[in-house]
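# A structural walkthrough
For reference, the chains in residue letters:
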Amino acid sequence: MNKNSSNIMALAPNTSNKRETVCIFGTGDFGRALGHKMIQSGYPVVFGSRSTKTSSLIPKGAEVLSHAEAAQKAAVIITAIQRQHYSFLTPLTEILHGKVLVDVSNNLKINEHPESNAEYLAQLVPGAKVVKAFNTVSAWALQSGTLDASRQVFVCGDDMEAKQTVMNIVRALGLTPLDQGSLLAAQEIENYPLQLFPMWKFPILLSFGLAAFFFFYCLIRNVIYPYVYENKDFSFFIAISIPNRICPILALILLALVYLPGVLAAIIQLYRGTKYHRFPDWLDKWMLCRKQLGLVALAFASLHVLYTLVIPIRYFVRWRMSNRIISQVLNNKTEPLDTTNAWLSDSYVALGILGFFLFVLLGITSLPSVSNNVNWREFRFVQSKLGYLTLILCTAHTLVYGGKRFLSPSSYRWYLPNAYMLSLIIPCMVLVVKFVLIFPCLDKPLTRIRQGWERNPQYSE
Amino acid sequence: MNKNSSNIMALAPNTSNKRETVCIFGTGDFGRALGHKMIQSGYPVVFGSRSTKTSSLIPKGAEVLSHAEAAQKAAVIITAIQRQHYSFLTPLTEILHGKVLVDVSNNLKINEHPESNAEYLAQLVPGAKVVKAFNTVSAWALQSGTLDASRQVFVCGDDMEAKQTVMNIVRALGLTPLDQGSLLAAQEIENYPLQLFPMWKFPILLSFGLAAFFFFYCLIRNVIYPYVYENKDFSFFIAISIPNRICPILALILLALVYLPGVLAAIIQLYRGTKYHRFPDWLDKWMLCRKQLGLVALAFASLHVLYTLVIPIRYFVRWRMSNRIISQVLNNKTEPLDTTNAWLSDSYVALGILGFFLFVLLGITSLPSVSNNVNWREFRFVQSKLGYLTLILCTAHTLVYGGKRFLSPSSYRWYLPNAYMLSLIIPCMVLVVKFVLIFPCLDKPLTRIRQGWERNPQYSE
Amino acid sequence: MNKNSSNIMALAPNTSNKRETVCIFGTGDFGRALGHKMIQSGYPVVFGSRSTKTSSLIPKGAEVLSHAEAAQKAAVIITAIQRQHYSFLTPLTEILHGKVLVDVSNNLKINEHPESNAEYLAQLVPGAKVVKAFNTVSAWALQSGTLDASRQVFVCGDDMEAKQTVMNIVRALGLTPLDQGSLLAAQEIENYPLQLFPMWKFPILLSFGLAAFFFFYCLIRNVIYPYVYENKDFSFFIAISIPNRICPILALILLALVYLPGVLAAIIQLYRGTKYHRFPDWLDKWMLCRKQLGLVALAFASLHVLYTLVIPIRYFVRWRMSNRIISQVLNNKTEPLDTTNAWLSDSYVALGILGFFLFVLLGITSLPSVSNNVNWREFRFVQSKLGYLTLILCTAHTLVYGGKRFLSPSSYRWYLPNAYMLSLIIPCMVLVVKFVLIFPCLDKPLTRIRQGWERNPQYSE
């Protein structure tokens, strides 16, 4: 419904005669954009400003008065001014008494001030019912009507009725209000628009680092080594062959890193004999970004699938294949079917397909709308049981891919093992430790610890 | 939770003894279906009807009385009758005074009447607390229990308490109420069920038109031309080869059309020196359906990927390949590896993979549940930065695909250039203009204009 | 916003001085975990317990008092104790009068008691305002901060203000409250965390059964038969070839089973001449799990696509292809292009691609966040029109795949037809019956029946 409301609004301007006047303090860009949108939605708007001469910028139909006069005309006053100028409101305390005062301000930095702007405003004008709202919407979005991402308006405030009034205005503008509770939530609401994927920074930086390392590793083994020893120019491997080695390696390592903190946490709890001690900080942070790590891993796995499926289309692969056939013909010999090879090739591909399939399933269940429709038991089942199955399948995929090559000396160039061997270290470690933790002698005490039991209750004092 | 609630309800009928009686005016199909569902959910139901003899159609357990008698028995009255018969309610004004009157009606056309049915009802029965609800649910869905799409019930009304009462009934029926604010929202709510993908019409029509044009274009070049000049029957190209030319072309053009209006808007703003003039109507509409354009482009890109990946499975491709190898053998010559070709082939494929990958990422972030969890800054980052990167990668993919063929005269048949050349026009234009707009001499004034600055403030009066 | 709130909370502990004291009855694991989280979020917490000596397990900063003393200190009391111990609350009735009493308990089985725990509590302590909440959150999730799936807290209660108070606490803990209406909803809320994909059981069991049947069927035809008659070891077909036969068969059958109940319902309604009789129970249940059936079908279709696209990478396929080419060369003959074969091969692949593409589209529209943004008319259009088109395309894909092989006796081994022939039975039946139902002589009465008309009104009495 929401996505189309703005154009429906345009078709139904006849609803304009019943709305109550809204006052906007401040004629800056955001104040004007908000006023413009409100007039469109049928609200009489009055601006409160230091200079009361009507500028051409003020939206048509709005009045400009002094702050005091404007505030008297409306029950809802929106303060579209910056925090440092809030002090001018002190003389207006009496006029604002009992009125709804909407704080729309934002900061430049996260947690810039000790208290939120809205709480500061509530202290300055004690009699007013302060409501925080609209800070997540941009002036440009209001102006242009392209409100795709920003339909959600977080609203908080201590007065229920004032909050309801503001939420009705939000809805009338074609936006979606989200009640965030009391004014204490304002700090969080003010921090929200300043974030840029905070939970994604670590996973993305980590994967860039790993990708760079493995890129040069593969470059040495697959491009520089044949150039030095066989004088062959395989520089075009940079386009597909090397990325198709990096992607599966990163996907496997990152997937294992999703499950490693859980295993570490279990070991720490077993060692301490209690769950009532906080984990080290790095472990806490790591656990909180597991979902993001998993999704980055899924991205690399998807790229690996695409890179693999285009193999038969590549010029180099076609050239190599016809060369092989031609040399077979010229030598007048035909290979018989090697059943072991057929088994290895097919089962490695099949394991990869099943692993990727489950991985995509995990990704789909982590979509907010899907995970919201799932209870805790179901979520645990998917993310833990299916997750470990995915890890097992992907590790097996890599192991079978290695096949007979593990011990062959020809796969070591300059003493460097094949890159995929390095990728197996962490997943195998995680799976082995997890397997050990399943044994009853460890699983039972762990379960009891997680239910609140303590080995040494006095230890924790 | 919601998806399973109806069958849980069936298991828990013991909650039936506490609900308050609900009255339904009208024994038509929708009234009966609603009554049936309410009785299932434990509400005593009384029907108000002109003829009070109990028909076999009335759900078991419901009483049928005259309108006046029925209304007196309940605090909530649902008017399941058509707007043109509302006038019979005027004599009941006194009985309905202070009661909750729920309007469930729909219209046949968008904006059929000057005011919404619910507002009309509120004028007719001034003392009643009118609430709009249930109009988005169909009788068939209520009857059959298959409520997948229609769980959401939009509710609006001027009286908070009446709205809460209705929302509780909605929840008890296993549906999800959505508070849409005051009764002014009723018009929009009544228009909602009449829409059929209004924002998708233009993108889909446009892509059908373009697809038809390029289909005949490719048919002439790839089927009719070889038939006329070489007498070869390539009619089977219609199944895969030609669609696999049309899809990437359409994907690229539509993707460029997503970014073209933004570029045009910037030029218009720079020329006018202000952002406070409305854009031309066509530009406004175009900007509002950018998301849909992008998703249609993504659909074509996905088809292109599938069509491309099946290439090596096709009989024709296998036949051509073995023919080539056989002719090489018979001529007793082997081609050496052409590194330039390997580079061109691999980098064109790699660019395509990366472009498609980013495109899918853009598509995922446009899912409502994902974009709701993203703030304005993050949304801008994804849709603008990643979006342009996608456009650059896809354009480069097409350019490298062209490779050396651009100037070769053999690629012109009947003076018609290859179809992919035509697809490059708009994307290249958009990228060039965007590149120019990044220069500080244009970017600075544009940023200031978007922050509300005006070159000629008097001009706008 | 939600996903990041917990770590933002950690950065903003200065909001702790304004919260009102909350009392928690019970010092078990869940009580302590909830208390811990509340203290973190700035609430003064007091525990009510039988033994009032402070154990080391009690979160730091919390007081432990007798039940009566603790209850007097707070306006909100959370009863984190099991239902069988509720009786100890009876003596406290007076102290709890007018207070908000939050029931967080869960049961071990679905519908374990005749009334919900919260309703039982409300009967025991008649003066208290009982609110159900927090039962969907686990102690472990509260403790560890990993609240991905369980952010949603269902809240219900008869007192609006009490509910609002609890919802504000829920929000302050970084969770999302969902108002579920009156206390009658408690039964459903208590059943919710006990479910494990209830709607998925039937589709998954069905597909496992079918998969096992077709696995052995294909094993006999494709592995055992050639081993017995030709002494060839094709056991490696188990990895990819046989799954790639099972997956499309299951996808097609399950997709047809999505549309079969609708067709059966239409026949039953036509036969009965009314829609006011309930369908047989099995049909009702079948109709309710159509979405899940469709998604399982989509999963099999996706696997089929992956298995098909890796065909050219498989060792066996490459070996067979080069063998064919070599034998052609050695026999010194080249095959000419067979246009019929090219048509068959290309159109079968193209039908599969289009069918899969539409299938994925159907899957995307069944995502909760997408289907919530779509009205009833749009949903019907997608799920019914596009759904049947998908079924037609997929059936045609299989028919064309069969091509000339249907009547060839060589495709019968041990009198067993090819597995794909079996998969065509149900889809063809559904399509034929649906086609018949479209004829006006059947469609018209059906439409009238669905609008509420009855052939024999007296029949239904």
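In this text, all values refer to a predicted model and were calculated from it rather than measured experimentally.

### Here's the deal with the domain arrangement of chain A
Annotation of chain A at the domain level lists domain 1 (22-194) and domain 2 (198-451). Relative to domain 2 of chain A, the C-alpha centre of domain 1 of chain A lies at a distance of 50 Å.

### Observations concerning the relation of the copies chain A and chain B
Under the fitted operation, chain A is carried onto chain B by 0.1 Å of movement along the axis and a turn of 120 degrees, and the coordinates agree to an RMSD of 0.1 Å. Taken together, the rotation angle and the small translation identify this as a three-fold axis. Rotation axis and chain A: the residue whose C-alpha lies nearest the axis is Ser369(A), separated from it by 3.1 Å. The share of interface residues of chain A whose copies in chain B are also at the interface is only 19%, consistent with the copies meeting through different surfaces.

### Structural notes on the packing of aromatic side chains
Using the criterion set out here, one finds 60 aromatic pairs over all chains in the structure. On the basis of an interplanar angle of 85 degrees and a centroid distance of 5.3 Å, the ring pair of Phe236(B) and Phe237(B) is categorised as edge-to-face. Considered together, Phe236(B) and Phe237(B) belong to a single accessibility category, that of buried residues. Aromatic side chains Tyr86(C) and Tyr120(C) sit 6.0 Å apart centroid to centroid with 15 degrees between the ring planes, which places their arrangement in the stacked category. Of this pair, Tyr86(C) sits in the loop between β4 (76-79) and α4 (93-96) while Tyr120(C) sits in helix α5 (residues 117-124); the two residues are 34 residues apart in sequence, bridging distant segments of the chain.

### Section: the UniProt feature "transmembrane region" (unreviewed entry) in chain A
Residues and elements named next belong to chain A. When the UniProt feature table is mapped onto this chain numbering, "transmembrane region" (unreviewed entry) sits at residues 204-229, 249-272, 293-317, 347-365, 386-407 and 419-442. Taken end to end, residues 204-229 is 100% helix and 0% strand, and its two terminal C-alpha atoms sit 36 Å from one another. Span residues 249-272 is 100% helix and 0% strand, its end C-alpha atoms 34 Å apart.

### Side note on the interface of chain A and chain B
At the interface, 70 residues of chain A touch 82 residues of chain B. Here chain A meets chain B over a buried area of about 6900 Å², counting both sides, of which 64% is carbon and sulfur. Run the count over chain A and chain B and you get two salt bridges. For Asp179(B), the salt bridge identified is with Arg171(A), shortest N-O distance 3.8 Å. Our count for the contact surface shared by chain A and chain B stands at eleven residue pairs in polar contact (both at pLDDT 80 or more). If you list the elements that add at least two residues to the side of chain A that touches chain B, you get α1 (5-11), α2 (29-40), α6 (139-144), α7 (160-172), α12 (290-309), α13 (315-330) and α15 (368-371) of chain A. Broken down by element, the side of chain A that touches chain B gets its largest block of residues, eleven residues, from α13(A). Residue composition of the side of chain A that touches chain B, grouped by class: 38 nonpolar, 22 polar and ten charged.

### Quick look at the interface of chain A and chain C
At the junction of the two partners, chain A supplies 82 residues and chain C supplies 72 residues. Between chain A and chain C, roughly 7000 Å² of surface is buried when both sides are summed, and carbon and sulfur atoms account for 64% of that area. Counting across the chain A and chain C interface gives two salt bridges. Where the side of chain A that touches chain C is concerned, the elements lending two or more residues are α7, α8 (186-191), α11 (281-288), α12, α13, α14 (339-365), α15 and α16 (376-402) of chain A. The dominant element in the side of chain A that touches chain C, judged by the number of residues it contributes, is α14(A), at 13 residues. Looking at side-chain class alone, the side of chain A that touches chain C contains 39 nonpolar, 24 polar and 19 charged residues.

### Overview of the pairing of strand β7 (residues 152-157) of chain A
Residues and elements named next belong to chain A. The buried count for β7 comes to six of six residues, which makes it a mostly enclosed element. Residue alternation in β7 divides its side chains into two sets, Gln152, Phe154 and Cys156 and Val153, Val155 and Gly157, and both sets are buried. In terms of strand pairing, strand β6 (residues 129-132) meets β7 through two bridges, oriented antiparallel. The residue of β7 that forms the bridge with Val131 is Gly157. Across four bridges, β7 lies against strand β8 (residues 176-179) in parallel orientation. For Val153, the partnering residue across the bridge sits in β8 and is Pro177. Of the crossover connections in this fold, the one passing from β7 over α7 to the parallel β8 is right-handed.

### A closer look at the relation of the copies chain A and chain C
The operation relating the two chain copies consists of a rotation about an axis and a shift along that axis. Overlaying chain A with chain C gives an RMSD of 0.1 Å, the required rotation being 120 degrees about an axis along which the chain moves by 0.1 Å. The share of interface residues of chain A whose copies in chain C are also at the interface is only 16%, consistent with the copies meeting through different surfaces.

### Quick look at the pattern of salt bridges
Note that side chains of opposite charge can pair when their charged atoms are close. Residues and elements named next belong to chain A. Summed over all chains, the structure comprises 27 salt bridges over all chains. Between Lys132 and Glu190 there is a salt bridge, with its nearest N and O atoms 2.8 Å apart. Placement of the pair is Lys132 in strand β6 and Glu190 in helix α8, with a sequence separation of 58 residues. Of the residues examined, Lys132 reaches a relative accessible area of 0% and is grouped as buried.

### Things to note about the environment of Val374(B)
Here Val374(B) is to be found in the loop between α15 (368-371) and α16 (376-402). Exposure remark for Val374(B): the relative accessible area of 11% places this residue in the buried category.

### Quick word on unusual backbone geometry
Glycine aside, the phi torsion of most residues is negative, and most peptide linkages are trans. Residues and elements named next belong to chain A. One non-glycine residue, Phe134, lies in positive phi territory at about 70 degrees. With respect to the helices and strands, the residue Phe134 is situated in the loop between β6 and α6. Accessibility expressed as a relative area gives 1% for Phe134, which makes it buried.

### Describing helix α5 (residues 117-124) of chain A
Residues Asn117(A), Ala118(A), Glu119(A), Leu121(A) and Leu124(A) constitute the buried set of α5(A). Looking at the buried residues of α5(A), the elements they touch are β4 (76-79), α4 (93-96), β5 (100-103), β6 and α8 of chain A.

Quick notes on the rules
- Residues numbered from 1 in each chain as written.
- Chains lettered and ligands numbered in written order.
- Predicted model: local features only at pLDDT ≥ 70, side-chain atom pairs only at ≥ 80, totals over all residues.
- Heavy atoms only, no water.
- Domains from an automatic or database assignment.
- Least-squares fit on C-alpha atoms with pLDDT ≥ 70 in both.
- Contact = heavy atoms within 4.5 Å.
- Phe/Tyr/Trp six-rings, centres within 6.5 Å; stacked < 30°, edge-to-face > 60°.
- Buried < 20%, exposed > 50% of the residue type's maximum accessible area, 1.4 Å probe, protein only.
- Helix = DSSP H or I, 4+ residues; strand = E, 2+ residues; numbered from the N terminus.
- UniProt positions renumbered as here; feature names shortened; annotations may be inferred.
- Buried area = accessible area lost by both parts, 1.4 Å probe.
- Salt bridge = Lys/Arg side-chain N within 4 Å of Asp/Glu carboxyl O.
- Polar contact = N/O pair within 3.5 Å; in protein donor to acceptor, adjacent residues only side chain to side chain.
- Nonpolar A, V, L, I, M, F, W, Y, C, P; charged D, E, K, R; others polar.
- Pairing = 2+ DSSP bridges.
- Right-handed = clockwise from strand over helix to strand, strands pointing away.

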